[in-house]
Amino acid sequence: MAELVGPRLYSCCNCRNHVALHDDVISKSFQGRNGRAFLFSHVMNITVGPKEDRQLLTGLHTVADVYCCDCHEVLGWKYERAYEETQKYKEGKFILEKSKIVKENW
């Protein structure tokens with residue numbers, strides 16, 4: 001009998017709340033506040049904080065921190081606006097820091 005295996009997920013490192021699907025990873029080569037970060041097209045079970053302009057490695061962006069909706073751990077941020085034309089592809093997408101998420105169902 002075959003085992004049923006669910007989708008590969010990423011969860012909050014603090015409370016194990018499911019926050020993203022592996023299939024929604026766009027890139028694993030981003031830089032977060034504390035090291036490596038992943039760019040996701042979609043996330044779930046998060047709360048979005050207030051928007052603010054932030055100078056990042058790739059220029060000025062309007063971003064909003066994203067928090068786990070269960071334990072309120074800061075997991076990364078959402079790109080609300082990119083001011084440079086070459087960075088527009090990030091708008092509406094999410095950064096989750098590798099140190100803040102754990103793999104589930106791998």
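Structure: above.
Quick caveat: nothing in here was measured; it's all calculated off a predicted structure.

*Asks:* Explanation requested: the packing of aromatic side chains in the structure shown.
*Replies:* Centre distance and the angle of the planes are the two values used to describe a pair of aromatic rings. For the coordinates displayed, the defined rule picks out 4 aromatic pairs. Both rings, one in F38 and one in F40, keep their centres 6.4 Å apart while their planes meet at 50°; by these two values the pair is tilted. What makes F38 buried here is its relative accessible area of 4%. For F40, a relative accessible area of 0% corresponds to the buried category. Between W77 and Y79, the ring centres sit 6.2 Å apart and the planes meet at 80°, which makes this aromatic pair edge-to-face. This pair shows no difference in class: W77 is buried, exactly as Y79 is. The rings of Y10, F38 and F40 are connected pair by pair, giving a single aromatic cluster. The lysine or arginine in question, K28, covers the ring of F38, its NZ or CZ lying 5.6 Å from the ring centre.

*Asks:* Just to check I follow, could you spell out the pattern of salt bridges for this structure?
*Replies:* For side chains bearing opposite charge, pairing can occur when the charged atoms are close. By the definition in use, this model includes 6 salt bridges. Between E104 and R16 there is a salt bridge whose closest N-O contact spans 3.8 Å. Within this pair, whereas E104 is found in strand β9 (residues 101-104), its partner R16 is found in the loop between β1 (9-12) and β2 (18-21), the two being separated by 88 residues in sequence. Residue K88 pairs with E91 through a salt bridge whose shortest N-O separation is 3.5 Å. For E91, a relative accessible area of 30% gives the class partly exposed. Among the charged side chains, a salt-bridge network with shared partners connects R33, E52, R54 and D65.

What counts and what doesn't
Residues numbered from 1 in each chain as written. Predicted model: local features only at pLDDT ≥ 70, side-chain atom pairs only at ≥ 80, totals over all residues. Heavy atoms only, no water. Phe/Tyr/Trp six-rings, centres within 6.5 Å; stacked < 30°, edge-to-face > 60°. Buried < 20%, exposed > 50% of the residue type's maximum accessible area, 1.4 Å probe, protein only. Lys NZ or Arg CZ within 6 Å of the ring centre and 35° of its normal. Salt bridge = Lys/Arg side-chain N within 4 Å of Asp/Glu carboxyl O. Helix = DSSP H or I, 4+ residues; strand = E, 2+ residues; numbered from the N terminus.

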